[in-house]
Amino acid sequence: MSDQKPSSDDILSKIRGAAKPAGDKPAAAEESSAAAAPKGTSDILASIKGGAAKPKAAAPAGTADIMASIKGGAAAKPAAPAGTAGILDSIKGGGAAKPAGTASILDSIKGGGAAKPAAASVAPKAAAKAAVDPSKASGMSAADMIKAARTSVGGSVEATAAPKKVALPSKPLVQPAAAAKAADTRRSFLSDALTAVCSPLFVAWGSLITATAASSLAMARFMMPNVLVEPPTKFKIGPPTDYGASTVSTKWKAQFGVWIVNDEIDGQQMIYALSTVCTHLGCTPNWLEGEQKFKCPCHGSGFYKSGVNFEGPAPRPLERHGIRLAEDGTLEVDKSVKFQKELGQWDNAACFVPV
Amino acid sequence: MNPHPDLTSGVLHGLGWYYLILFVMNLLWTVRSFKVDGEFKKSTPILGGMPVATVWAVLTSILLMLSAAHFTGGSSPEKFMIRLPEWFKNPVDAYFANPVIYFAGSVGLYWAMIRFREWWVQDTVAYTMLQLSLIFMGLSLSDYDFRQIVGKPDNVPIVAMLFIVSFLTWIYFKRAVDNDNRIAQGRPLFEQENNEKVLVWPDLVYIELICMVVLTAVLVFWGIALEAPLEEPASSVKTPNPSKAPWYFLGLQEMLVYFDPWLAGVVLPGIILGGLIAVPYIDFNKGGNGYYSFKERSFAISTFLFGFFPLWIALIVLGTFLRGPNWNFYGIYELWDVHKVVAANNVNLSEFFWNSPLFSWMYGGLPKGDSFMGSPTLTLLLRESPGILLTLGYFALLPPLLGLTVLRKYFVKMGILRFLVFSNLALWMAVLPIKMLLRWAFSLKYIVGIPEWFFNI
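Residues numbered from 1 in each chain as written. Chains lettered and ligands numbered in written order. Predicted model: local features only at pLDDT ≥ 70, side-chain atom pairs only at ≥ 80, totals over all residues.

### Some remarks on the overall build of chain B
Of regular secondary structure, chain B possesses 20 helices and 2 strands. Across the 457 residues of chain B, 21% fall into the buried class. (Helix = DSSP H or I, 4+ residues; strand = E, 2+ residues; numbered from the N terminus. Buried ≥ 20, exposed ≤ 12 C-beta atoms within 10 Å, placed from the backbone.)

Structure representation (structure tokens):
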């Protein structure tokens, strides 16, 4: 911007800035026009033509809207209305009340550039109406546009002396349209809501969420079965006399997963319950009576009758479970507790019964 | 009557067909040999001047006679003479049931495969080896215990795998030796001279279609002919003895014998995968791109084949054929006796160390409880310090040492970061054979054994 007569570059940049948002909302058109930097004459003309030739690319509008925004944008710069009042003021001041047609718009551009944007943006629909005649709009050549723009830019030079102050009247511009839309929405709320609910997207997401929620609930219910067929953790295994000295009983292996061993450990004859889970990888070893050892079929770990590991990869002895002489004189095994030798827990009186 | 007869009329009948197929195979080979191989040199004793095909013709006629004998001998299988003698079976059993010899043998075979590649890739040599292995298998099938293992429907794919892997290895080495010779002589590569490029449509797609149909037919036939080996319902308290992983995981299961589950089941497989992913980063040698060659990338191929043959295929074979009840070693002709007694009393390194005369005199045996500075944790660490230091030294000191000495060439070529990645991966690969040998030779259980923390190496 300068006091000199605007060069064709300047003008084209104006147009370009305005023409570009032709594919956007009119409000945005004015915003970008200030920041636009000229690229080249051919670019600019192409964009003008493109914008005009492809009205379908424009969001709300037809050729008429595009033209309107070009026109409006070209002159919009100087206007800095802060609110509706300001817009109205500027309309009054500019004297460009209600543009009725392309001619009047062009007039207003030529006459009072400052007033123009308000006119163009306060009622974009009006502007569109005004420019509705496509023959008129499309009949306007690029040369005409440049001419019009040149005039308006020239006329607005003084008003744009302080470009930094050029605030962009985006909010107020939207308001009238929004208000109109709100009225629409209020009236058609029910039908709109119905359409939204029936849309495939809503149905798809809705059923996905419902199905997920239902299966989560089912899963949660599954975690709380009506009947729990787990063996009890505490069970009676008969009197100590059932287990002869220096024997390993595999009687309870299948049902409860314990071997009952009657053995002498450190000079003390005792009965203890060994877990049937190998300490290497959890297979079930077998008691080999001939070899007097527990032997795991998976990786060859071997354990003495005492449960202590001695061959294969098992890193630690078999675990003992709790055992006690119940009040009725029978042995009771408690599988809910375990005693590990390597942690020194085999000294605990709860894991053996002296006999 | 013997409940486990070595030979029955059904077995003899099957072997008759087996030898008949071998007969047809060798008949064709004799024809080929007559056309291609020419004659023995005049100076050769006995055979001088005769066509080489004579030897094959003799073998072919022997096979035909073997086949006829098996077909006609079905009436009284107990009296059938052609079977493996005990003097052959017993030493073979002793060999295969000994893991040290087995593993050393597989490593030796691997070494010979690379060292004598120019010799064994020759058609006649390779074919002779194939025939020897097939005849060995036919003779071995007359043994009841061998048949129980090899003939199990589960193990059929492994037998097939042995032959397929051998065949593919042979193709690779044949092509590679050929190209290496061409490079040495300055001739164009085989791939350049015999351009094998074909059009995707129709040539390649056509071949693929045929492969697809043949493979489907084989699978259908297989599914009908060999029954799926279903076992009894699963029970948490009854583990089959022996309990074997699927055949392709038997290498992993074998690793589990030597390492703690977290190492053998998580860390080592992860390092195998990570190492394979890192191959393009480590191996920036562009030799052999798009053509077969051994000499241009001998180190990379030798390393890979070491991991593949002795450390994977050989372990699958070991797990399939040699591991029996209680995960003991059994020879291929040996009865799977559940009560076979094998001394496998394993000892941790810390026990070796602290119970050695010197330290047991200095310290009085294994540090126990809180005897060291009143802290159980420090006592544990002191107890396992020999193993911990060894492990740290292995992974921290060996890479720079190797880089400065034996592998200096690679260190210079690769740069420090790449070399460290490479040498650590290589050391991890070496961990398995080292641990296996230590276990077999010294009954060493764990180098670092802290069962209190579930941490054993």
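### Let's talk about the overall build of chain A
When helices and strands are counted, chain A shows 14 helices and 11 strands. Within chain A, the proportion of its 355 residues that are buried is 38%. Considering only contacts in chain A between residues 6 or more positions apart, those separated by 24 or more positions represent 62%. (Contact = placed C-beta atoms within 7 Å.)

### Section: the sheet that holds strand β6 (residues 293–295) of chain A
Each strand in a sheet pairs with another by means of backbone hydrogen bonds, the pair being arranged parallel or else antiparallel. Residues and elements named next belong to chain A. Pairing is antiparallel across the open sheet formed by 4 strands, whose spatial order is β5-β6-β7-β8. Each edge of the sheet is formed by a strand with only one pairing partner; in this case those strands are β5 (286–288) and β8 (309–311). Pairing of β6 with strand β7 (residues 302–303), which is carried by 2 bridges, proceeds in the antiparallel orientation. Of the residues in β7, the one forming a bridge with Lys-295 is Gly-302. (Pairing = 2+ DSSP bridges.)

### Here's the deal with the packing of helix α1 (residues 9–36) of chain B against helix α2 (residues 53–72) of chain B
Residue and element names in this part refer to chain B. Two elements in contact, α1 and α2, have axes separated by 8 Å at closest approach and are oriented at 165°. In terms of orientation, α1 lies roughly antiparallel with respect to α2. The interaxial crossing formed by α1 with α2 has left-handed handedness. (Axes fitted to C-alpha atoms, helices over the stretch in contact; angles between N-to-C directions. Parallel < 35°, antiparallel > 145°, perpendicular 65-115°, else oblique. Left-handed = near helix turned anticlockwise from the far one by under 90°.)

### Examining the pairing of strand β3 (residues 258–265) of chain A
Working note: regular strand, side chains alternate between the two faces of the sheet. All names here are of chain A. Most of β3 is tucked away: 6 of the 8 residues are buried. In terms of strand pairing, strand β2 (residues 247–249) meets β3 through 3 bridges, oriented antiparallel. What sits directly across from Val-248, in β3, is Val-261. Here β3 runs beside strand β4 (residues 268–275); their pairing, made up of 8 bridges, is antiparallel. By the bridge assignment, Glu-264 is partnered in β4 with Gln-269. Adjacent in sequence and paired antiparallel, β3 and β4 are bridged by 2 residues, among which Asp-266 carries a positive phi angle near 55°.

### Concerning helix α8 (residues 156–185) of chain B
Residues and elements named next belong to chain B. Its 30 residues give α8 an end-to-end C-alpha distance of 44 Å, which sits within 8% of 44 Å, the value for a rise of 1.5 Å per residue. Within α8, the full set of buried residues consists of Ile-158, Trp-170, Phe-173, Ala-176, Val-177 and Asn-179. Where α8 is buried, its residues touch α5 (117–120), α6 (123–140), α9 (190–193) and α13 (298–322). Residue Gly-186 follows α8 closely and has a positive phi angle near 80°. (Expected span 1.5 Å × (residues − 1).)

### A closer look at the nonpolar core
With 53 residues, the main nonpolar core has Ile260(A), Ile271(A), Tyr272(A) and Ile323(A) as its most contacted residues. Mapped onto this core, the elements with two or more residues apiece are β3, β4 and β10 (331–339) of chain A together with α11 (250–258), α12 (261–282), α13 and α20 (416–442) of chain B. With 6 residues, the single largest contributor to this core is α13(B). In contact with Ile271(A), other than residues within four places in its own chain, are Pro240(A), Tyr243(A), Ile260(A), Val261(A), Asn262(A), Ile323(A), Leu331(A), Phe352(A), Val353(A) and Val355(A). Judged by nonpolar contacts, the second largest core, of 14 residues, contains Val11(B), Phe23(B), Phe146(B) and Ile149(B). (Core = buried A, V, L, I, M, F, W, Y, C linked by C-beta atoms within 7 Å.)

### Quick word on the packing of α1(B) against α6(B)
Residue and element names in this part refer to chain B. Running from N to C, α1 and α6 cross one another at 165°; their axes reach a closest spacing of 11 Å. It follows from the interaxial angle that α1 and α6 lie roughly antiparallel. Viewed along their axes, α1 and α6 form a crossing whose handedness is left-handed. Contact with α1, carried on its side by Leu-15, Tyr-18, Tyr-19, Leu-22 and Trp-29, involves Tyr-127, Leu-134 and Gly-138 of α6 and no other residues of that element. Class assignment of the residues belonging to the contact of α1 with α6 gives a composition of 7 nonpolar, 1 polar and no charged. (Nonpolar A, V, L, I, M, F, W, Y, C, P; charged D, E, K, R; others polar.)

### Some words on helix α10 (residues 200–225) of chain B
Given a rise of 1.5 Å per residue, 26 residues ought to cover 38 Å, and the 35 Å separating the end C-alpha atoms of α10(B) matches this to within 8%. Among the 26 residues in α10(B), 0 count as buried, and that is only a small part of the element.

### Section: the interface of chain B and chain A
By a widespread convention, an interface's size corresponds to the accessible area lost as its parts come together. Taken together, the contact pairs 26 residues of chain B with 26 residues of chain A. At 3 residues, the largest contribution of residues to the side of chain B that touches chain A is made by α11(B). Its residues assigned to classes, the side of chain B that touches chain A shows 13 nonpolar, 10 polar and 3 charged.

### Re the environment of Val36(B)
Inspection of the secondary structure assignment puts Val36(B) in helix α1. The spacing of Val36(B) and Val52(B) is 16 residues in sequence and 9.3 Å in space, taken between C-alpha atoms.

### Quick word on unusual backbone geometry
In this chain, Trp201(B) is followed by Pro202(B) through a cis amide linkage whose omega measures 10°. Looking at where Pro202(B) falls in the secondary structure, it is placed in helix α10. A cis amide bond, omega 0°, links Asn241(B) with the succeeding residue Pro242(B). The phi dihedral of Gln292(A) is positive, around 55°, even though this residue is not glycine. In this fold, Gln292(A) is placed in the loop between β5 and β6. The class of Gln292(A) is exposed, set by 11 C-beta atoms lying within 10 Å.

### Quick word on the pairing of strand β9 (residues 320–325) of chain A
Residues and elements named next belong to chain A. Pairing geometry for β4 and β9, over 2 bridges, is antiparallel. Across the sheet, Leu-274 pairs through a bridge with Arg-320, a residue of β9. Both β9 and β10 contribute to a ladder of 6 bridges, which runs antiparallel. Bridge pairing in β10 links Arg-324 to Glu-332. Following β9, the chain reverses through 5 residues before pairing antiparallel with β10; Gly-329 in that reversal takes a positive phi of roughly 85°.

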